[in-house]
Amino acid sequence: MTVVDQSTSKRPLVGQLLAMAIYLGFVGLALWRWEEIGWGGLVWLAGSLMTSVIRAPYAKAIIANTIVDDRQDTGEKILLAGMYLGMGLLPTVHLATGLFSFAEYHLPSWATALGAALHVLFLWLFWRSHADLGRNWSVTLEIRDEHELVTHGVYTYIRHPMYAAIWLAALAQPLLVPNWIAGCMVLVAFSAMYLVRAPLEEAMMRDKFGQAYDDYAQTTGRLLPRVI
Ligand code: SAH
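The structure reproduced in this document is the subject of the present report. (Residues numbered from 1 in each chain as written. Predicted model: local features only at pLDDT ≥ 70, side-chain atom pairs only at ≥ 80, totals over all residues. Heavy atoms only, no water.)

1. Overview of helix α7 (residues 211-219)
Residues of α7 that are buried include every one of Tyr213, Tyr216 and Ala217, and no others. Angular distribution of buried residues about the axis of α7 spans 100°; they occupy a single face of the element. Turned more than 90 degrees away from the buried face of α7, the exposed residues are Gln211, Gln218 and Thr219. For α7, the elements touching its buried residues are α6 (185-209). (Buried < 20%, exposed > 50% of the residue type's maximum accessible area, 1.4 Å probe, protein only. Helix = DSSP H or I, 4+ residues; strand = E, 2+ residues; numbered from the N terminus. Arc of directions from axis to C-beta. Contact = heavy atoms within 4.5 Å.)

Structural data, given as structure tokens:
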């Protein structure tokens, strides 16, 4: 999955085109193996392509919005690399080649259906959080020149709808790609990323927006709406 895609990367165009060609090659191979990967794998692949389609216009829109505070350190880079592996490279390569077939497990079809349902929810919330965050979104910890505090749409209820969406995808992946390596590593990668990043991100938002962010945090939950 390309939730952590490279659309905002400063890599040369040739590099980006090459990466895309390799990715599409793997997708082609995976589709060729449709009988082996089953409909769970096909749902995962479709979701992976959808995330790129959803993210692309927002990734383009933020390029013009200059970064004024970049808090991406080495730890954040390692965590992002873990996500590229767990949610991108490992499942894509496995579906395309069967590389980790020795680590497969079997699931009943209702579990695959549950994974598909979680994946649909993920795509909806992923789209809504991008739409609501607009030009304030970034792949890493950054504040932009005209950064606005978003408190509308899905941000009315929770402070991290995009991370909530990625949690749904991370839970769906072991159900759609039943493999201890290609399906499950994402749970380790995203747990680490979420636990480290969410507090750092909130501290950054407090530095920028002060009392307004404190007030906003009072009325919202991190991943689930506040009941009281
Ligand atoms: N944690 C949020 C956003 C993820 S994108 C979510 O899960 O939906 C990460 C970037 O979004 C951060 O670097 C920060 O600059 C920005 N951001 C996070 N919350 C925001 C908010 N309420 N308003 C504006 N920008 C926000």
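Don't stop here, the text continues.
2. A few points about the site of the ligand
Taken together, 20 residues surround the ligand, and among them Glu142, Val150, Tyr155, His160 and Glu201 come closest. Thr140 is positioned such that a nitrogen or oxygen atom in its backbone is 3.0 Å from an oxygen atom of the ligand. Within the backbone of Pro161, one N or O atom sits 3.3 Å away from an oxygen atom of the ligand. Coverage of the ligand by the protein amounts to 99% of the 540 Å² it exposes when considered alone. Going through the elements one at a time, α5 (161-176) and α6 are the ones with two or more residues in the shell around the ligand. Grouping the amino acids of the shell around the ligand by side-chain chemistry returns 11 nonpolar, five polar and four charged. (Near = heavy atom within 4 Å. Polar contact = N/O pair within 3.5 Å; in protein donor to acceptor, adjacent residues only side chain to side chain. Areas by Shrake-Rupley, 256 points an atom, 1.4 Å probe, with all protein chains shown as cover. Nonpolar A, V, L, I, M, F, W, Y, C, P; charged D, E, K, R; others polar.)

3. A word on the side chain of Asp132
Summarising the element assignment, Asp132 is placed in helix α4 (residues 109-133). Within the structure, the side chain of Asp132 is placed 2.8 Å from the backbone nitrogen of Val154, a separation counted as a polar contact. Leaving out residues up to four positions away in the same chain, Asp132 has contacts with Val150, His152, Gly153, Val154 and Tyr155.

4. Side note on the packing of α5 against α6
Their axes nearest at 10 Å, the elements α5 and α6 cross at an angle of 170°. Taken together, the axes of α5 and α6 lie roughly antiparallel to each other. Between α5, through Tyr163, Ile166, Trp167, Ala170, Leu171, Gln173 and Pro174, and α6, the contact on the second element is made entirely by Val186, Leu187, Phe190, Ser191, Tyr194, Arg197 and Glu201. Residues belonging to the contact of α5 with α6 are distributed by class as follows: 10 nonpolar, two polar and two charged. (Axes fitted to C-alpha atoms, helices over the stretch in contact; angles between N-to-C directions. Parallel < 35°, antiparallel > 145°, perpendicular 65-115°, else oblique.)

5. Overview of the pattern of salt bridges
All chains considered together, the criterion is met by nine salt bridges. The salt bridge involving Glu146 is made with Arg135; its shortest N-O contact spans 3.5 Å. Note that Glu146 is positioned in the loop between β2 (142-144) and α5 and Arg135 in the loop between α4 and β2, a separation of 11 residues in sequence. For Arg135, a relative accessible area of 35% corresponds to the partly exposed category. Ionic contacts of the salt-bridge type, sharing partners, join the residues Asp69, Arg71 and Asp207 into one network. (Salt bridge = Lys/Arg side-chain N within 4 Å of Asp/Glu carboxyl O.)

6. Section: the packing of aromatic side chains
The description of an aromatic ring pair rests on the distance of the ring centres and on the angle between the ring planes. In this structure the tally under the stated criterion is nine aromatic pairs. Ring plane angle 75° and centroid distance 6.4 Å describe the contact between Phe100 and Phe102, whose orientation is recorded as edge-to-face. For Phe100, a relative accessible area of 13% corresponds to the buried category. Members of the aromatic cluster, connected to one another through ring pairs, are Tyr163, Trp167, Phe190 and Tyr194. The cationic tip of Lys208 hangs over the ring face of Phe209; the distance from NZ or CZ to the ring centre is 5.8 Å. (Phe/Tyr/Trp six-rings, centres within 6.5 Å; stacked < 30°, edge-to-face > 60°. Lys NZ or Arg CZ within 6 Å of the ring centre and 35° of its normal.)

This is a description of form; function is not addressed.
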